[in-house]
Amino acid sequence: MSTSTLEDKSFLLTGISWEHYEAMLAMLADRPVRLTYDRGCLELMSPSFNHERLKKRLARLVEVLTEELNIPLVAGGSTTFKRRDLERGLEPDECFYIQNASRVQGKQVLDLATDPPPDLVIEIDFTSSSLNRLDIYAALGVPEVWRYANDRLKVYRLDLDGKFQEQERSGVFEFLLPSDLIALLEQFEQSTDTELARVYRSSLRPNPSVDHS
């Protein structure tokens, strides 16, 4: 009998060819296992319930935000993004096309040789990866990563040199402070996702009781 734990489980394989990586992707396509490949090294991670719950809650807030502000959004979930020429590939916890939503809407298959990477990636890091996932995202050209670790949400933006730098605010949503999202998640930690989304949605709407004249 298996049980859910608070920590993610992972292990690292080395000396893995690109062909073996793709074969593993095909074999594990329907299983809840994240694969990260970086030039011969392959990490397999089985996410915990807490990991999946938090990534879904953050994704829900992004979706509510874009709905209320009428910002185009195409959600990519945990799509596998890979490039053979770079020998790198991985699945984000959650990802979104926002600035590039119009370029991928309606598509059923994405190819990074011709399609853009997601504009925003969410990473939940309860158990530090053996591989540098930020470096892989940088190589793939992902412009922004939100990384949750140790009860903090950090925003990383890709600079002109192709390196991630931590920023105080999101570049995708320039008005958004990561600390505000964390405060909301902490306040409603014991609440359902429905209540969390309802409260956040309400906070984004103009207060009709306020006289703006």
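Residues numbered from 1 in each chain as written. Predicted model: local features only at pLDDT ≥ 70, side-chain atom pairs only at ≥ 80, totals over all residues. Heavy atoms only, no water.

## Examining the pairing of strand β11 (residues 164-167)
Short version of the rule: Here, strands pair whenever DSSP counts at least two bridges between them. Only DSSP runs of H or I reaching four residues or more are called helices, and only runs of E reaching two or more are called strands; each is numbered from the N terminus.
In this sheet, β11 lies alongside strand β10 (residues 152-158) in antiparallel orientation, the contact comprising 4 bridges. Bridge pairing links tyrosine 156 to glutamate 166 in β11. Linking two consecutive strands that pair antiparallel, namely β10 and β11, is a turn of 5 residues; a positive phi of about 75° is found at glycine 162 within it.

## Details of the sheet that holds β11
Read across the open sheet, the 6 strands follow the order β4-β7-β8-β9-β10-β11; overall the sheet is mixed. Strands at the two margins of the open sheet, each flanked by one partner only, are β4 (74-75) and β11. Here strand β7 (residues 94-97) pairs with strand β8 (residues 120-124) via 3 bridges, running antiparallel. The partner of cysteine 95 across the bridge, within β8, is valine 121.

## Overview of helix α5 (residues 178-187)
Using the following cut-off: Burial classification: accessible surface area is computed with a 1.4 Å probe over protein chains only, and a residue below 20% of its type maximum counts as buried, one above 50% as exposed, and the rest as partly exposed. Note: the arc covers the axis-to-C-beta directions of the helix.
Buried within α5 are the following residues: Pro178, Leu181, Ile182, Leu184 and Leu185. Seen along its axis, α5 keeps its buried residues to an arc of 160°; they face one direction.

## Quick word on unusual backbone geometry
Positive phi, normally seen in glycine, also occurs at asparagine 70, with a value near 55°. When you line up the elements, asparagine 70 lands in the loop between α2 (49-68) and β4. Residue asparagine 70 is classed as exposed on the basis of its relative accessible area of 69%. In this model, glutamate 87 sits at a positive phi of 55°, which is unusual for a non-glycine residue.

## Thoughts on the sheet that holds strand β3 (residues 41-46)
Rules: Lines fitted to C-alpha atoms define the axes, with helix axes restricted to the stretch in contact, and inter-axis angles between N-to-C directions lie between 0 and 180 degrees.
The sheet built from 5 strands is open, its strands ordered β1-β3-β2-β6-β5 with antiparallel pairing. Pairing within the sheet leaves two strands with one partner each, and these edge strands are β1 (9-13) and β5 (81-83). Ignoring strand direction, the axes of neighbouring strands in this sheet form an average angle of 15°. Pairing of β1 with β3, which is carried by 5 bridges, proceeds in the antiparallel orientation. Bridging across to β3, leucine 12 finds its partner in glutamate 43.

## As for the pattern of salt bridges
When the charged atoms of two side chains lie near each other, side chains of opposite charge can form a pair. Test applied: When a carboxyl oxygen of Asp or Glu is within 4 Å of a side-chain nitrogen of Lys or Arg, the pair counts as a salt bridge.
Scanning the entire structure with this criterion turns up 20 salt bridges. Where lysine 82 meets glutamate 22, a salt bridge forms, and the shortest distance between an N and an O atom there is 2.9 Å. Of this pair, lysine 82 sits in strand β5 while glutamate 22 sits in helix α1 (residues 18-27); the two residues are 60 residues apart in sequence, bridging distant segments of the chain. A relative accessible area of 30% means that glutamate 22 is categorised as partly exposed. Where lysine 107 meets aspartate 115, a salt bridge forms, and the shortest distance between an N and an O atom there is 2.3 Å. Judged by relative accessible area, lysine 107 falls into the partly exposed class, the value being 42%. One network of salt bridges, with partners in common, ties together Arg34, Glu52, Lys55, Lys56, Asp93 and Glu94.

These figures capture arrangement, not role.
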